[in-house]
Amino acid sequence: MREALWTYAQQAWQVRAGVGQVFWGTTEAQHLVDIVNQTDYLASLDGDVKLGQPLVNVSWEQNQHLVDFYVLPYFRERPFAGADGRLRLPYVVDSEASYESGAKRQHLDVAFRYQFNQQNLRIGLSGFSGTSREPILSPVVDPSQFSYMATPFGVVVPTGFVGNYKPYLQAYYPIIQQLGIDAQYIIGDCLLKLEAIDRHGFSQRYQGIDTGLEYTQVRAFDSNVDIGWLAEYLYDSRNNTATTSFEHDVFVGWRFAFNDASSSELLTGVISDIHSHEQAWKVKGSTRLNDSSKISIEGRFFHTKQDVPSPFSALSTQPSDEKLYPLADDSFLRAEFSYYF
């Protein structure tokens, strides 16, 4: 279930209870502050598609101010692809997760957000305390499945696995505390964006930033097409030990709105690591064929210098700037036809 809410509203107050979806943030490449809902990466790699979150939400809105409080009584685990799914990790993630909290899925999480709106400015301050939506993935290996070889010096070292054995990954969900800020400011046709977090969890305290701008060129080059030029910088203070590949990357992209009767649109862009020069390209577009049908495309293309590691060599891989190499063979192009009736 994605969304099923009971809502009560009176004057400046609103109460919602049930299963809902909440979005915080403003940037394009990464949604750092957006933490209430679990991400469904099987449906979208952008993190835009979320699982429904059981919640009780109390909101107060007055003039330029909006305050939200959330009580989140149940946790949903992140879904991962199987052996034949995309995107492939070095090993399959086991369905049995572990938790820092003894309450496991029933740990009571809380969150809040304050939003201020004034003409061209929107700024949000948020906080979260509870189970991390992002897990730590650790390999679980059966030592009896190693194959060994003796060196000329008489030392026995493991060289691989017996037969087709592969370890598996177990998801561990720690307790975290996060403070975040998201802001956007409009200057003419230019939109300045910022998302930043300070998070305590994963056995350390670290910061993440995604900031940039989007400039809209209306009716570009004397045509009917509007072009949005996007540029963002992504940073994670954990550097090589970051659990994301966006530790010091640059995103550039273009958003095309064709302003035709078919509502045609196209988004393309690339995230590039400024140190390792790994790249992740994406293209997404859609257009209506007639009043009842629509066609959409999505493409993902990964460029990395390393090959996909073998199940054994993946165990000895050290943290580095190159984090996309497990996806080297996972580039794809997908087309979807939708019919509405």
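Here's what I pulled together on the structure shown here.

Rules and cut-offs
- Residues numbered from 1 in each chain as written.
- Predicted model: local features only at pLDDT ≥ 70, side-chain atom pairs only at ≥ 80, totals over all residues.
- Heavy atoms only, no water.
- Helix = DSSP H or I, 4+ residues; strand = E, 2+ residues; numbered from the N terminus.
- Buried < 20%, exposed > 50% of the residue type's maximum accessible area, 1.4 Å probe, protein only.
- Contact = heavy atoms within 4.5 Å.
- Areas by Shrake-Rupley, 256 points an atom, 1.4 Å probe, with all protein chains shown as cover.
- Lys, Arg positive; Asp, Glu negative; His and termini not counted.
- Charge placed at Lys NZ, Arg CZ, Asp CG, Glu CD.
- Pairing = 2+ DSSP bridges.
- Phe/Tyr/Trp six-rings, centres within 6.5 Å; stacked < 30°, edge-to-face > 60°.
- Lys NZ or Arg CZ within 6 Å of the ring centre and 35° of its normal.
- 1 Å grid on protein atoms, 1.4 Å probe; cavity = no way out; pocket = protein on both sides within 12 Å on 5 of 7 lines; lining within 4 Å.
- Points joined across faces, edges and corners; volume = space filled by probe spheres on them.
- Nonpolar A, V, L, I, M, F, W, Y, C, P; charged D, E, K, R; others polar.
- Core = buried A, V, L, I, M, F, W, Y, C linked by side-chain atoms within 4.5 Å.
- Patch = residues over 30% accessible without salt bridge, like charges linked within 9 Å, V, L, I, M, F, W, Y side chains within 5 Å.
- Salt bridge = Lys/Arg side-chain N within 4 Å of Asp/Glu carboxyl O.
- Polar contact = N/O pair within 3.5 Å; in protein donor to acceptor, adjacent residues only side chain to side chain.

**Section: the overall build of the chain**
The secondary structure content of the chain amounts to 0 helices and 20 strands. The principal-axis extents of the C-alpha atoms in the chain amount to approximately 75 × 50 × 45 Å. Looking at the chain as a whole, 41% of its 341 residues qualify as buried. For the chain, contacts bridging at least 24 residues in sequence account for 56% of all contacts bridging at least 6. On the chain, roughly 18,300 Å² of surface is accessible, and the fraction owed to carbon and sulfur atoms is 56%. Computing the positive centroid from 27 side-chain charges and the negative centroid from 40, the chain places the two 3 Å apart.

**Digging into the pairing of strand β11 (residues 168-173)**
Side-chain alternation along β11 places L169, A171 and Y173 on a buried face and Y168, Q170 and Y172 on a face that remains uncovered. Direction of pairing for strand β5 (residues 98-99) relative to β11: parallel, over a ladder of 2 bridges. Counterpart to Y99 in the pairing with β11 is Y173. For strand β8 (residues 136-140) and β11, the ladder comprises 5 bridges, and the chain directions are antiparallel. Paired with L137 across the bridge in β11 is A171.

**Quick notes on the sheet that holds β8**
Within the open sheet, the 3 strands sit side by side as β5-β11-β8. Their pairing is mixed. Strand pairing shows two members of the sheet lacking a second neighbour, β5 and β8, which therefore form its edges.

**With respect to the packing of aromatic side chains**
Here the structure, examined in full by the defined rule, presents 12 aromatic pairs. Aromatic pair F75 and Y173: ring centres 4.9 Å apart, planes at 65°, arrangement edge-to-face. One end of the pair, F75, is in the loop between β4 (65-72) and β5; the other, Y173, is in strand β11, with 98 residues separating them in the sequence. Each member of the pair, F75 as well as Y173, carries the same accessibility label: buried. Here the aromatic rings of F202 and Y206 are separated by 6.4 Å at their centres, their planes lie at 70°, and the arrangement is edge-to-face. A network of ring pairs unites the aromatic residues F146, Y148, F161 and Y165 as a single cluster. Over the ring of F202 we find R238; its NZ or CZ atom is 5.9 Å from the centre of that ring. Looking at R238, its charged tip hangs above the ring of Y206, at a distance of 3.7 Å from the centre.

**Quick notes on the pairing of strand β12 (residues 175-187)**
As judged from the 11 bridges shared by strand β7 (residues 121-131) and β12, these two strands associate in the antiparallel manner. Each residue of the ladder has a partner; that of G124, found in β12, is D182. The pairing of β12 with strand β13 (residues 190-201) spans 11 bridges and is classified as antiparallel. Within β13, the position partnered with Q184 by the bridge is K193. Between β12 and β13, which pair antiparallel and follow one another directly, the connecting turn spans 2 residues, one of which, G188, has a positive phi of 60°.

**Side note on unusual backbone geometry**
Here the phi dihedral of Q119 falls at roughly 50°; this positive angle occurs in a residue that is not glycine. On the secondary structure map, Q119 appears in the loop between β6 (109-118) and β7. When its relative accessible area of 79% is taken as the criterion, Q119 is described as exposed. Within the chain, F202 stands out as a residue other than glycine whose phi angle is a positive 55°. Judged by its relative accessible area of 9%, F202 falls in the buried class.

**A short note on the layout of surface pockets**
Taken as a whole, the second largest pocket holds about 500 Å³ of empty space. Lining of the second largest pocket is provided by 21 residues; of these, K284, G285, S286, S296 and I297 occupy positions nearest its centre. Looking at the lining of the second largest pocket residue by residue, the classes come out as 9 nonpolar, 5 polar and 7 charged.

**Here's the deal with the nonpolar core**
Counting 15 residues, the largest nonpolar core has V22, W24, V36, Y70, L72, A111 and F128 as its most contacted members. F128 has contacts with I35, L72, D109, V110, A111, R133, I176, Q177 and Q178, leaving out every residue within four places of it along the chain.

**Overview of a nonpolar patch on the surface**
A contiguous nonpolar surface patch, about 810 Å² in accessible area, is contributed by W13, V56, V58, F69, V71, L108, V110, F112 and L179. For the nonpolar patch, the elements supplying multiple residues, two or more each, are β3 (53-62), β4 and β6. According to the relative accessible area criterion, L108 is exposed, its value standing at 52%.

**A closer look at the environment of N290**
Residue position: N290 is located in strand β18 (residues 279-290). Since its relative accessible area comes to 40%, N290 is described here as partly exposed. Sequence separation between N290 and S262 is 28 residues, and the spatial gap between their C-alpha atoms is 7.5 Å. From its side chain, N290 meets the backbone nitrogen of S292 in a polar contact 2.9 Å long. At a separation of 2.8 Å, a polar atom in the side chain of N290 contacts the side chain of S293.

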